[in-house]
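The residues making up each chain are set out below.
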Amino acid sequence: MNTKIARTVTDIAMFAAMCFITGTGLLIHYRLVPGSRGGHGLSLLGLSRHEWGTYHLWAAYLLLFLVLVHMALNFAFIKNVIAAKKMWVMTGLGLAGLALIFGFLFLPVNGSI
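Residues numbered from 1 in each chain as written. Predicted model: local features only at pLDDT ≥ 70, side-chain atom pairs only at ≥ 80, totals over all residues. Heavy atoms only, no water.

A. Region of interest: the overall build of the chain. Each helix and strand in the chain was counted, giving four helices and zero strands. Across the 113 residues in the chain, those meeting the buried criterion constitute 16%. Looking at the chain alone, contacts between residues at least 24 apart form 55% of all its contacts between residues at least 6 apart. Only carbon and sulfur atoms are counted for the fraction: they give 72% of the accessible area of the chain, which is about 9100 Å². (Helix = DSSP H or I, 4+ residues; strand = E, 2+ residues; numbered from the N terminus. Buried < 20%, exposed > 50% of the residue type's maximum accessible area, 1.4 Å probe, protein only. Contact = heavy atoms within 4.5 Å. Areas by Shrake-Rupley, 256 points an atom, 1.4 Å probe, with all protein chains shown as cover.)

Okay, structure coming up:
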């Protein structure tokens, strides 16, 4: 596949995934409110709050995959322009990103509100 076409398809798919994630996030937060009284029995298009949450999560996984594809397709730009051929910049940014992503897995959680 032509790289330009692959970039275009990836960019359009990332935009659609971001719009879907934003829409479902707003839906879950403002329309299908949580709680026994607020969210009890509410649904949209036959899907409950938790079912929409599942679609929201899988769209986020799809977006993450598309971002990785996007980075792979644009690696030459990342390497030559952003890092200016300084590998320590790319390594530092990569490690900072990983720390931010995986840091949430290790933060303590509270059992009571």
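Having seen it, we continue.
B. Representation of the packing of aromatic side chains in the model. The tally for this structure, following the rule as stated, stands at two aromatic pairs. Look at Trp58 and Tyr61: their rings are 5.1 Å apart centre to centre, the planes differ by 80 degrees, and that puts the pair in the edge-to-face class. With a gap of three residues between them, Trp58 and Tyr61 both fall in helix α2 (residues 49–73), about one helical turn apart. Among the residues examined, Trp58 registers a relative accessible area of 57% and is labelled exposed. (Phe/Tyr/Trp six-rings, centres within 6.5 Å; stacked < 30°, edge-to-face > 60°.)

C. Structural detail: the confidence of the model for the chain. Summarising the model, the chain shows a mean pLDDT of 83, and 88% of its residues fall at 70 or more. For the chain, the element scoring lowest by mean pLDDT is helix α3 (residues 75–82), at 76; α2 scores highest, at 92. (pLDDT = per-residue confidence, 0-100.)

D. Geometry of helix α4 (residues 87–106). In this model, α4 (20 residues) spans 28 Å end to end at C-alpha, consistent with the 28 Å of a helix rising 1.5 Å per residue. The sharpest bend along α4 comes to roughly 30 degrees, located at Leu100. Judged by how many residues are buried, α4 sits mostly at the surface: one of 20 residues are covered. (Expected span 1.5 Å × (residues − 1). Bend = angle between axes of the 7 residues up to and from the residue.)

E. Geometry of the nonpolar core. Counting six residues, the largest nonpolar core consists of Met14, Ala17, Ile21, Ala59, Leu63 and Leu66. At the level of secondary structure, the elements contributing two or more residues to this core comprise α1 (3–31) and α2. Contact partners of Ala59, with chain neighbours within four places excluded, come to Ala17, Phe20 and Ile21. Core analysis: the next-biggest nonpolar cluster, separate from the first, contains five residues, Leu27, Ile28, Leu47 and Trp52 among them. (Core = buried A, V, L, I, M, F, W, Y, C linked by side-chain atoms within 4.5 Å.)

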